[in-house]
Structures are given as structure tokens and as C-alpha cells.
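Listed here are the chains, written in short residue letters.
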Amino acid sequence: MNKYKAVIGLEMHCEMKSNSKVFSSAENSYNDTPNANIRPIDMAFPGTLPTVNLECIRKALLMSLVLNCKQPEYMYFDRKNYYYPDLPKGYQITQMHDPVGVCGHITIEVDGEEKEVLIHDIHLEEDSASLDHYSTISLIDYNRAGVPLLELVTEPCFSSSKEAVMFLEYMRRCYQYCDVSEADTKKGQIRCDVNVSIMDEDATELGTKVEIKNINSFANVAAAIEYEIKRQSELKDAGRYDEVEQETRRFDEESGTTIRMRGKVDAIDYKYFVEPNIPKFKIDPAWLQEIKKTIPVLPRERKIKYIKDLGLTEYDANIIIKEKEYADYFEECVALGMNPKTVANYLTVQIIAYLNKEGITLKEFYLTPNLLKQIIEELEKGTISSKQAKEIFNKALLEKKEPKTYLEGTTQLSDEKVLEDIIIKILNNSQSQIEEYKNGKTNLFQYFVGQVMKETKGKANPNMVRDILTDKLK
Amino acid sequence: MNYIKTIEELHEMLTNGEVTSEELVQDSLKKAHLVNDKCHAFVTLLDDAKGGFVTDDLLSGLPYGIKDNYSTKGILSTGSSNTLKDYVPFFSATAVLNLEKHNVIPIGKTAMDEFGMGGTGTTAHTGNILNPWDLKRMAGGSSSGSAASVAAGVYPFALGSDTGDSIRKPAAFCGIVGYKPTYGMISRYGLFPFASSLDHCGCLTRSVKDAAIVVDAMKGQDKNDLTSWDSSSIHLYDSLDGKVKGKKLFYIKEIVNMENYPDASSELKEHLDNFHKTLKLLEEEGVSVDEVSIDRDLINAIFSVYQCLSCAEATSNMSNLTGIIFGPRGEGKNINEMMKDHRTKGFSSLIKRRFVIGSYVLQKENQEKYFVNAQRVRRLIVDKMNELFQKYDALIMPVSTGPAPYIDGSKDEITKDNTTNLEEHLQIGNFGGFPSITIPNGFVSNLPVGINITGKCYDDVNVLNIAYALESKMPYKNQIAPLLKEEDYE
């Protein structure tokens, strides 16, 4: 255990989902063909001007509301000026003076404990182009130039890599729930900057802050934090804490270490000023109210509801809230009157396994809640066994036919009179077994059940068989 | 045949069959070559230009010139800078597209101060642009080539752009009309930016009515320019009636009053006398002109505010000029060296100086003191003007200190007093986005001088009407510089 306290802050960049880019009319979609989604402004041809995608502003405001931030009275943008080959204009349009949200907070759960995360700000900006470096040349793909980006900046309020990653995971889920972003790290849609400092347990003054830029996965966020805490702690232990410098580093995935990029004295002066080509406009409070109404129930609240009101286990609830489509599917099933536990069981085991196996999403899944209901309903009525239910489930998926088409012929034998007649007949032919059973060989009960199943070709309602047998063998 | 006519007259000749569009275009090209030889007014001449259809549209079939900072599809557009010396855009500026709908025929791209950053016409990569009235003098800038060519009678109009006074000052020096409408009336999409919050599109013509016709065709809200606005209810040409009786104008005492210039040169005295004589012409039409006093500190701040803001925006706006995507690729071992080489070789020293100023005032430690304060003072100046526009219909001012200065500066009459305010006050029009027009109002030392009328935003009709009424009281409408021989106009 480390004897120092770590203080960690995060910057989370998330590419937003939208039809067109944020300040350009080019399409915003992932494209394998480089330089296919571009308009003249994305390459900063002389005379081009930015436009504004209102849908991106709406989504940015929505996230600002989700994070319980304060929204500005006016919407406007700033230029962040610097030269880099991936930045064709020589400046990025972003928000510095009046971000779309400031002073927010959101509660997350870490190891079953609630933790309030403080949000410094969230702002809307444009992404840069992407670079591919080769040995002698570098290639630039402008597809990404101008893609809407939300940058969320927390206060330095985390004390471990675990807390930091739990927050990132939770935020990713929120972005997905709110349909603001696919938030897919594999597509590079989320990138993080992390700042880390350490201090003595009882210290009141913060230590020297080191920033690690542009980390592309949550696992690497954790690794970078761990490494940085270790590096700084070791220096402090060795009495060389003055060697910890306020600097910018990058995470090297191969070695699992962080590497210095530039120190504080080389910090870039971005010469921010208000973007003159986008007129300031007032955010109508009525619009903000409308946006607020569209915020879906967020994963944390859903989880609480699933456990408290619907009686799910925490394990199942956690799986279901992982993806909004799981949660929505689950809720739709429950709304159709299905038993929550049964649905949860089906969803977390069969359905998710099937989706993973087929590599499809729940949207593409053949058994919609209405179709699933045909199976669950019969299962609950006891007209089919869970084994039969599974068979129907698989057949329906395989042949893409409604489950009810398989119900006929497989319906359970639940007629008490018929079952009783069959059981009496079997017992009459099993005198010696009855003798043994009554003498204490109780596991012979399964033998009688088996005989009934054999006689009925497996269609007998097992619960009823058990009840009748128990009664007859008294 | 003499084609030094107004747009209305040319249109009548075209519809009467007195001349064809093709003849006008060929005549224009011939004159353009002659003017280019003498004045270096063009970056590109479109020798394969052909006459166009003549319709009911007043502009149809007419040749015209485009300032080289307008993006023109398939036509070299350099902004008179080496950084774009081979740049052929694949899209046209909205203003140019709007004009194209009127079947006008561009015959050339006019030379200018590099990217509009200058008022002399001496920073174009194709050489100094000279004044057609006197080739030893400046044409003024930055719309130098447009002003010189219109003044020399190449065509009835040319496009200009105006960030400080770049349409209105060369118009005065070349004895023609220069009009920049309210900010956002004409889309800036496709105009190479200098300082976005101050940049305006506009035109240079030889009459107020022609300016109204041309801007009517250029204007319109554009989805590509968020600062453009819907002016579809404004019809400049149709609104010109010359009725100005009862209008109230003012001029600024601290800039115009002779008392400010005890050591004035005779040219300056003559210029200011001429200004007052011109005011009398308006008074004859029932217009009142008041001398209004404005806080001298505010007036004295105009030029520094302009420098601060325009240079700051320019450094940022021109950061795209790296030679990577367009423009000549610089040499170097890595991308930074390549960009540095491109910019070092490509820009004139004047621009570099402005970039240094712009970067300096935007630096974190300086920004509040210079840039932000400049924005505040800009607001104070605009507020003051708007306050005056509640009482007055327009501001009327002399343009600069007299006629165009000499290129080499040697023969200029020197006024020992500080005349900066007189030279730079037109920047007020850019601070507020006010509609502003310069028209010729006589001669000093046998060279044309101009007078400027500026009004409140969206009040273009009023501003043009005052200019129109005043123009009709003077004999300078449609005048041209005696550059070419008589037979060149025949």
C-alpha cells in the first residue's frame, strides 16, 4: 500500500454522434476511405467559414444537464491557436470563456460506495484530422477534422486509478444512454488526458501535477495512473521529489511507462479569442427545458430500481445496465407483464450469449420483447418446461419463426386426471420399488419421475408429477 | 464607340443592339491590357472571356473585375500573395456566384495589397499598383487594382473588400465610387479573410446608382456565412429617389476642423475647404450638417484599436497558409521547417510585421491590456456612433488628407501635424459594420479627392440616397482618369 495520497483529475474527450460535423456540413461518420467525408472548410481552404450544427449544441447542453452543470446564458465559441499538421486552420474552434457547462457534479458507484465526482466544465469543440506516420512520410486523413467533440474536465477529485476508470466507464454509459455518442474506444471515439500528483496523507497542499496526454483506452488510463503514482512515489521516497516537474507526458503502451513530452516553460500559449465568424446567440431557457425532458433514465437510477423494485440481484442489474439497449429491452419486457427475474435470467444468459456469438446488437435480435413473451408466458404458466423453452428459443432464432409455432405439440401435459391415471398405472407395476422406497431408499423418487416422463415422452408437467407422486407414495 | 457609360446606359445600348456583349468584353479586355501595362492593376486577365446573354437584367452581358482575394472556381486566386501564387480554387465565393446569376462576365482578377493588409497598393506580389491619374502616385489600397481599372474605364464595376477602408480610400484616390454595405449584407464566404469581424465585401463603380445595382446583385443571406442576414426586403437600386430634404448629417470636429491642423499643407487646406464647399451643396438641398464633438481620447484610439484587432484576427485567419494543403510547399527537414520556409518566403515584410503585432497583443500576458481593451474601446466608439445615429441620418467626412500620395513619398507635401485620425477614421465604419460610401467630390492638385457618407446598420438605402443626391449636384459622376489615349475609348 502506498503511503502517499494520489490526487487525480481527468479530461475525457468524446466524439459525438451527428449527421454532419460540428462546424462543417461534411458527413460525420466513420469512413475507411481517407478524405471522403470532407468539405472545403475541413481542409481550411481560403475563404471558407464555419457553420454550426444545432444538433451538436443540443446534445452538448443535454450532457451539461446530465452532469448538473450550470449552462451559459449565451452560446459562443473561441479559437485555440496553434500550428500542427493535423489542424488545417491553424486553430481549433472550441469553448474557453463560456463552456456549455461549468461547476457540475455526478454521483458514481465505486465498490458499492457512492462517490460524488466534481465537474470543472464540459465544452463543445471540433476534432483534428488524423495522422498516419510512416518511415519517410506522414499521411493526413481529414475525415476526422471537424468531428464534434465533447471535452469533459473533472476537478482533481479521484484518489485511485479504480475511481478514475469507474467514472470513465460510467460516463461512457451516460453518453450511450443519452445517444450523444457511440463512445467506442475501439473506434478511437474516447481519448483521455490524466493529471496526477501525490502528497503526504496528512498534507494540505497539493503536490506537483503531471499531465499525461492522449490515452486511448481505459486500461491504459489505469496503467498510466498506476505508473505515474509509482514513479512519483519512488522519487519522493528517495528524497528526490524536486525532480517531479510540472510537465506533459505521454503513455507508452509497449513499455507501460510515461514519457516526457514538454515541461511547463514550453507550455503553448494558445492565444484564445472569441471566434468572430459564429455570432453569439442566446440559449432560450424554454429550449433548455425541452432538452431536459429528453434526458433518459440514467444507468445508476435504473440499477437502483431494478434491485429495489423489481427484485433483481445486483449481479444481474449490473449486466443489464451495461448497455442501454439491454436495459431498454428488459424494461419493455417487464412492461409487457413478464416476470422481471425470468426476463433478467433470459437476457443475461441466453440472449447476451447469443448476441456475442452472432456478433449482432439487440436491435438486430429476432426475438423482440413481444416474441419473447410467447415463450416466457408459457414457461411461467407451466405449460412448457424450461428445457422446452430453451429449445423453442433456439429453434425460433434459427428458423426466424414466431415461438408460438413451436408450442403446439410440445405443450406440457398438465391435466391432473390424465397424469394421475398414468402414475397409478406405473405404481401398480412397481410394487418392489415402492417397497424399497418406503424402507428408506428415497432417491428412488427420481426413478418414478423418470418412468412418468418416459411414459409421457417428456411432456408431463414435472411439478405436477412431483406433487402427485409425493401424495401417492405417502 | 465610347463605352464609358453607366450600367443603365450600357444596358440600353445592349438591348438596342448598339453594342453586343462580346464587343463590350473584347473592348474591356483590350483596355485591361493597356491599364495593366501602365498600372499593374491585374494579377490575371481572362483573355478567353466571351460575351454573354443579354436579358432584362441591368447587369447582363457586362464585363467586370474581381479583386484577387475572392475565391473564383477554376481561376487563379492569389490574394496578391506569393503564398498562394499558383492557387486555383475549386469553389467560388458566394458574392461571385450571386453575380454570375446576372450573366456578368469577369475579365480579370485585380491586384491588391497582399491579402488586403495595406492601404497603398505597394505590397502585391505582382508589383506596385499605380494611380491612373498620375502613375507616380498610389492607387490606394487594398482594392487598388479594382479602383485603378474602374477609374481607367476598363469596365463599369469591380469587386472590392474593405477591412479598414480598402474600398473607400482607393475609390477617393482614383476619383470613383466605393461602397461597402452593412456587415453581413454580402456573404463573406469565399473571401480570403483578413480580419473576420471587420471584413466587408463591396464594389467600386463610377456612380452611386451603379453601386446600388451591383450590391443588389451581390447581397443575400448565405447558409455558409452565419454573419450574413436576410436583406431580401431591401432593394437599393429601386429605393434611390434622391429625396434628402430634412436629413441631418454631422461631421466630427476633432477630425475635420482646421484648428486641428495649424501646420496644414496647402493640399490639406484645399481638401478640407473643398469638403466644406461640398457640404454647402447638400445644404442647398435642405440637408443640415452639424459639427459634432466627440471625446478626443476615443478618436485618438481608433487607429490603435484597429491595429490591435485587425492584426490579431489576421494572425489567426492566416494560420492556414502553411504550404501543406495549398500554396507552394516549403523546404525543410520536417513539417515545422517546411511551414516556416513557406511563410518566410511567401509573405511581404508588412504582413510579417502585422503578424508580430497580432501575436503580441494576443499573448496571455498582453491580451487583457491590448486585445481585450481594444475590443472594449471598439464597443465604446460604436456605441457613441449609434447614439449619434439616433439624432442624425449619417456621418459625412472627407476621405484622407487629400489626393493620393506619391509612391516613393519624396514629393508629398508634408503636414507637420498628426493627421492619423484624418487618414484612418473610415475604420469606424468597420468597427460598427456601418454602411459606408465614398464618392468623388472634386480635385486637389489636379487629382481626385473623395467624401464619405456613413450611416447606421441596415440603413444602406438612406446612405446611398444621400450620396446619390450629392453626386447629382457635382460633375464627377462617371468620370475617368485620363490614362489611356482618346482612341482607346473609341
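Predicted, not measured: the structure shown is a model, and the values here were computed from it.

The rules behind each value
Residues numbered from 1 in each chain as written. Chains lettered and ligands numbered in written order. Predicted model: local features only at pLDDT ≥ 70, side-chain atom pairs only at ≥ 80, totals over all residues. Heavy atoms only, no water. Helix = DSSP H or I, 4+ residues; strand = E, 2+ residues; numbered from the N terminus. Rg over C-alpha atoms; globule rule 2.2 N^0.38 Å. Buried < 20%, exposed > 50% of the residue type's maximum accessible area, 1.4 Å probe, protein only. Contact = heavy atoms within 4.5 Å. Areas by Shrake-Rupley, 256 points an atom, 1.4 Å probe, with all protein chains shown as cover. Lys, Arg positive; Asp, Glu negative; His and termini not counted. Charge placed at Lys NZ, Arg CZ, Asp CG, Glu CD. Pairing = 2+ DSSP bridges. Axes fitted to C-alpha atoms, helices over the stretch in contact; angles between N-to-C directions. Parallel < 35°, antiparallel > 145°, perpendicular 65-115°, else oblique. Buried area = accessible area lost by both parts, 1.4 Å probe. Salt bridge = Lys/Arg side-chain N within 4 Å of Asp/Glu carboxyl O. Polar contact = N/O pair within 3.5 Å; in protein donor to acceptor, adjacent residues only side chain to side chain. Right-handed = clockwise from strand over helix to strand, strands pointing away. Phe/Tyr/Trp six-rings, centres within 6.5 Å; stacked < 30°, edge-to-face > 60°. Lys NZ or Arg CZ within 6 Å of the ring centre and 35° of its normal. Domains from an automatic or database assignment. Expected span 1.5 Å × (residues − 1). Nonpolar A, V, L, I, M, F, W, Y, C, P; charged D, E, K, R; others polar. Patch = residues over 30% accessible without salt bridge, like charges linked within 9 Å, V, L, I, M, F, W, Y side chains within 5 Å. Core = buried A, V, L, I, M, F, W, Y, C linked by side-chain atoms within 4.5 Å.

### Let's talk about the overall build of chain A
- If you tally the helices and strands in chain A, you get 15 helices and 15 strands.
- Its C-alpha atoms give chain A a radius of gyration of 30 Å, clearly above 23 Å, the size a compact globule of 474 residues would have.
- Projected onto its principal axes, the C-alpha positions of chain A cover 95 × 55 × 50 Å.
- A buried classification covers 51% of the 474 residues belonging to chain A.
- Long-range pairs, those at least 24 residues apart, make up 68% of the contacts in chain A between residues at least 6 apart in sequence.
- About 23300 Å² of surface is accessible on chain A, with carbon and sulfur atoms providing 49% of the total.
- Where the 63 positive side-chain charges of chain A centre and where its 77 negative ones centre are 4 Å apart.

### Re the sheet that holds strand S9 (residues 148-154) of chain A
Residue and element names in this part refer to chain A.
- One open sheet accounts for eight strands, arranged S5-S6-S9-S1-S10-S11-S12-S13; its pairing is mixed. A strand with exactly one partner marks an edge of an open sheet, and here the two such strands are strand S5 (101-110) and strand S13 (257-263). Across this sheet, the average inter-strand angle for adjacent strands is 30°, counted without regard to direction.
- Two strands pair when backbone bridges link them, and strand S12 (residues 247-252) and S13 are joined in this way by six bridges, in the antiparallel orientation. Directly across from Arg250, in S13, lies its bridge partner Ile259.

### Some words on the packing of helix H1 (residues 54-66) of chain A against helix H4 (residues 285-293) of chain A
Residues and elements named next belong to chain A.
- Two elements in contact, H1 and H4, have axes separated by 9 Å at closest approach and are oriented at 70°. With respect to H4, the element H1 is oriented roughly perpendicular. In contact with Leu54, Ile57, Arg58, Leu61, Leu62 and Leu65 of H1, H4 contributes Trp287, Leu288, Ile291 and Lys292.

### Considering the interface of chain A and chain B
- Taken together, the 29 residues of chain A in the interface contact 39 residues of chain B.
- Buried area between chain A and chain B, summed over both chains or domains, comes out near 2700 Å², and the portion from carbon and sulfur atoms is 65%.
- Its largest share of buried area at the contact with chain B, chain A owes to Pro46(A), Leu49(A) and Tyr83(A), together 24% of the area lost on that side.
- Summed over the shared surface of chain A and chain B, the result is zero salt bridges.
- Put simply, chain A and chain B have eleven residue pairs in polar contact (both at pLDDT 80 or more) between them.

### So, unusual backbone geometry
- Cis peptide bonds are those with omega within 30 degrees of zero, and the linkage from Gly141(B) to Ser142(B) qualifies with 10°.
- Looking at the secondary structure, you find Ser142(B) in the loop between strand S5 (134-138) and helix H4 (144-151).
- Of note, the phi angle at Asp179(A) is positive, near 60°, even though the residue is not glycine.
- Structurally, the position occupied by Asp179(A) is in the loop between helix H2 (161-177) and strand S10 (190-200).
- Assessed through its relative accessible area of 38%, Asp179(A) is described here as partly exposed.
- Within the chain, Ser445(B) stands out as a residue other than glycine whose phi angle is a positive 55°.

### Focus: the pairing of strand S3 (residues 105-110) of chain B
Residue and element names in this part refer to chain B.
- Of all the six residues making up S3, five are buried; the element is thus mostly covered by neighbouring parts of the structure.
- Bridge analysis of strand S1 (residues 42-45) against S3 gives three bridges, and the strand direction is antiparallel. Across the sheet, residue Phe42 finds its bridge partner in S3, namely Thr110.
- Pairing analysis gives five bridges linking strand S2 (residues 63-67) to S3, with the strands arranged parallel. In the strand pairing of S3, Gly65 is matched with Gly108.
- Regarding the hand of the β-α-β motif, the stretch spanning S2, helix H3 (residues 94-100) and S3 is right-handed.

### Some remarks on helix H6 (residues 208-218) of chain B
Residue and element names in this part refer to chain B.
- The buried fraction of H6 is high, at ten of eleven residues.
- Taken residue by residue, H6 has Val208, Lys209, Asp210, Ala211, Ala212, Ile213, Val214, Val215, Ala217 and Met218 as its buried positions.
- Backbone geometry just downstream of H6 places Gly220 in the positive-phi region, at approximately 135°.

### Details of the packing of aromatic side chains
- Applying the stated rule across the entire model yields 33 aromatic pairs over all chains.
- Taking the ring centre of Tyr91(A) as reference, the NZ or CZ of Arg79(A) above it sits at 4.0 Å.

### Some points on the sheet that holds strand S3 (residues 78-81) of chain A
Residue and element names in this part refer to chain A.
- If you trace the three strands from one edge of the open sheet to the other, you get S4-S3-S14, paired in antiparallel fashion. Strands at the two margins of the open sheet, each flanked by one partner only, are strand S4 (91-94) and strand S14 (273-274).
- Judged from the four bridges that link them, S3 and S4 form a sheet pairing that is antiparallel. When the sheet's bridge partners are listed, Lys80 is paired in S4 with Gln92.

### Some thoughts on the pairing of strand S6 (residues 113-126) of chain A
All names here are of chain A.
- For S5 and S6, the ladder comprises nine bridges, and the chain directions are antiparallel. Across the sheet, residue Gly101 finds its bridge partner in S6, namely Ile122.
- From the end of S5 to the start of S6, which pair antiparallel, there are two residues, and Asp111 there has a positive phi angle of about 50°.
- Sheet topology note: the S6/S9 ladder contains seven bridges and is antiparallel. When the sheet's bridge partners are listed, Leu124 is paired in S9 with Leu150.

### Quick look at the domain arrangement of chain A
- Entries for chain A in the domain assignment read domain 1 (4-287), domain 2 (296-407) and domain 3 (416-472).
- Here the C-alpha centroids of domain 2 of chain A and domain 3 of chain A sit 34 Å apart.

### Re the pattern of salt bridges
All names here are of chain A.
- Per the stated rule, a full pass over the model turns up 55 salt bridges over all chains.
- Of the charged contacts, one joins Arg144 and Asp127 as a salt bridge, the two residues approaching to 3.4 Å between their closest N and O atoms. Of this pair, Arg144 sits in the loop between strand S8 (138-141) and S9 while Asp127 sits in the loop between S6 and strand S7 (130-133), placing them 17 residues apart in sequence.
- Using a relative accessible area of 4% as the deciding quantity, one classes Asp127 as buried.
- Connected through shared salt-bridge partners, Glu228, Arg231, Glu245, Glu247, Arg249 and Arg260 make up one network.

### Description of the environment of Asn224(B)
- Within the fold, Asn224(B) resides in the loop between H6 and helix H7 (236-239).
- On a C-alpha basis, the gap between Asn224(B) and Thr94(B) in space is 8.4 Å, while along the polypeptide they are 130 residues apart.

### Notes on helix H16 (residues 460-472) of chain B
Residues and elements named next belong to chain B.
- Counted at 1.5 Å a residue, the expected span for H16 with its 13 residues is 18 Å, and the 18 Å between its end C-alpha atoms agrees.
- Among the 13 residues of H16, eleven are classified as buried, and the element is accordingly described as predominantly covered.
- Where H16 is concerned, the buried positions are Asp460, Asn462, Val463, Leu464, Asn465, Ile466, Ala467, Tyr468, Ala469, Leu470 and Glu471.

### Regarding the packing of helix H13 (residues 431-438) of chain A against helix H14 (residues 444-455) of chain A
All names here are of chain A.
- One can describe the packing of H13 onto H14 by two numbers: an axis separation of 9 Å at closest approach and a directional angle of 150°. Residues Gln433, Ile434, Glu436 and Tyr437 of H13 pack against Leu444, Phe445, Tyr447 and Phe448 of H14.
- Grouping the amino acids of the contact of H13 with H14 by side-chain chemistry returns six nonpolar, one polar and one charged.

### Description of the environment of Ala124(B)
Residues and elements named next belong to chain B.
- Positionally, Ala124 belongs in the loop between S3 and strand S4 (130-131).
- Residues Ala124 and Asp460 lie 336 residues apart in sequence; the distance between their C-alpha atoms is 31 Å.
- Ignoring anything within four residues of it in the chain, the contact list for Ala124 reads Ser80, Ala111, Met112, Glu114 and Ile129.

### Comments concerning a nonpolar patch on the surface
- A grouping of Tyr134(A), Ile137(A) and Leu139(A) is seen on the molecular surface, where their side chains present a nonpolar patch of about 300 Å² in accessible area.
- Inspection of the secondary structure assignment puts Tyr134(A) in the loop between S7 and S8.

### Focus: the side chain of Ser197(B)
Residues and elements named next belong to chain B.
- Tracing the chain through its elements places Ser197 in the loop between strand S7 (177-180) and strand S8 (200-205).
- Residue classification places Ser197 among the buried residues on the basis of a relative accessible area of 14%.
- Side chain to side chain, Ser197 and Glu313 meet in a polar contact 2.5 Å long.

### Focus: the nonpolar core
- Core analysis: the biggest nonpolar cluster contains 122 residues, and Leu59(B), Tyr70(B), Met218(B), Ile396(B) and Ile437(B) have the highest contact counts within it.
- Counting residues per element, this core draws most heavily on helix H10 (residues 296-317) of chain B, at ten residues.
- Grouped together as the second largest cluster of nonpolar side chains are 106 residues, Ile291(A), Tyr346(A), Leu347(A) and Ile384(A) included.

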